[in-house]
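Listed below are the residues making up each chain.
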Amino acid sequence: MSQDCLFCKIAAREIPAKLVYEDDEVFAFEDINPQAPTHILICPKKHFASLDVATREDEAVIGKVMLAAAQLARERKLLAGGTFSGYRTVFNTGKDSGQTVFHLHLHLLGGRSFRWPPG
Ligand code: AMP
Ligand code: ZN
């Protein structure tokens, strides 16, 4: 846990959030400012700032974050069985990518169509 980290505080229930998934190593919650009908953030409980500082030790938990996103996407029918067929998963890394919270998180966005390239 990092003292001044918003997402560590959400994991510790010090700041409220709409949690949608949790296990020993991973937690996920609704984004407070959703950019799509589904916009969930999936995080490792271990604090690290971004993909850039992830190490081999973090390999497994990053895989768990990705698989949690896929499971949430299936549950919400973001690929099959819903109105739209596709979802987007994004790690922003660094300020010019749009990263504003420096605790690694995967955005899961779905429920609408998306353009490529992203803005
Ligand atoms: P990023 O810009 O990639 O660092 O993503 C940070 C995300 O965290 C943004 O989409 C914000 O809307 C979201 N966010 C910021 N504060 C909160 C909060 N208290 N609860 C839920 N989501 C948040
Ligand atoms: Zn943190």
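Residues numbered from 1 in each chain as written. Chains lettered and ligands numbered in written order. Predicted model: local features only at pLDDT ≥ 70, side-chain atom pairs only at ≥ 80, totals over all residues. Heavy atoms only, no water.

Caption draft 1: Representation of the coordination of the zinc ion (ligand 2) within the structure. Looking at the zinc ion (ligand 2), the protein donor atoms are Cys5 (SG), Cys8 (SG), His47 (ND1) and His103 (ND1), and they sit 2.0 to 2.3 Å from it. Seen from the zinc ion (ligand 2), its 4 donor atoms lie at angles of 106 to 116°, and the figure they make is tetrahedral. Mapped onto the sequence, the donors of the zinc ion (ligand 2) take the spacing C-x2-C-x38-H-x55-H. With cysteine 8 in helix α1 (residues 6-11) and histidine 47 in the loop between β3 (38-44) and α2 (59-75), this pair connects stretches of sequence that are 39 residues apart. By relative accessible area, which is 26% here, histidine 47 ends up partly exposed. (Donors = N, O, S within 2.8 Å, 3.2 Å for Na, K, Ca; no water. Tetrahedral: all angles 85-135°; square planar, octahedral: opposite > 155°, others 65-115°. Helix = DSSP H or I, 4+ residues; strand = E, 2+ residues; numbered from the N terminus. Buried < 20%, exposed > 50% of the residue type's maximum accessible area, 1.4 Å probe, protein only.)

Caption draft 2: Expanded view of empty space enclosed by the protein. Enumeration over the complete set of coordinates arrives at 1 cavity of 30 Å³ or more. As a volume, the largest cavity reaches approximately 30 Å³. Taken together, Ser50, Leu51, Phe91, Asn92, Thr93, Gln99, Leu104 and His105 make up the lining of the largest cavity. Across the lining of the largest cavity, the residue classes break down as 3 nonpolar, 5 polar and no charged. (1 Å grid on protein atoms, 1.4 Å probe; cavity = no way out; pocket = protein on both sides within 12 Å on 5 of 7 lines; lining within 4 Å. Points joined across faces, edges and corners; volume = space filled by probe spheres on them. Nonpolar A, V, L, I, M, F, W, Y, C, P; charged D, E, K, R; others polar.)

Caption draft 3: Structural detail: the packing of aromatic side chains. Taken as a whole, this structure holds 2 aromatic pairs when the rule is applied. A centroid spacing of 5.1 Å and a plane angle of 75° characterise the contact between phenylalanine 7 and phenylalanine 29, whose relative ring orientation is edge-to-face. Here phenylalanine 7 is found in helix α1, whereas its partner phenylalanine 29 is found in strand β2 (residues 26-30), with 22 residues between them in sequence. With respect to class, phenylalanine 7 is no different from phenylalanine 29; both count as buried. (Phe/Tyr/Trp six-rings, centres within 6.5 Å; stacked < 30°, edge-to-face > 60°.)

Caption draft 4: A look at the sheet that holds β2. Spatially, the 5 strands line up as an open sheet ordered β1-β2-β3-β5-β4, and their pairing is antiparallel. Looking at which strands have only one partner, the edges of the open sheet turn out to be β1 (19-22) and β4 (87-90). Taking the axes of each pair of neighbouring strands and ignoring which way they run, one obtains an average angle of 20° across the sheet. Of the pairings in the sheet, the one linking β1 to β2 comprises 3 bridges and is antiparallel in character. Looking at β2, one finds that tyrosine 21 is bridged to alanine 28. Contacts from α2 reach β1, β2, β3, β4 and β5 (106-110) within the one sheet, and its direction differs from that of β3 by about 155°. (Pairing = 2+ DSSP bridges. Axes fitted to C-alpha atoms, helices over the stretch in contact; angles between N-to-C directions. Contact = heavy atoms within 4.5 Å.)

Taken by themselves, the reported measurements are silent on function.
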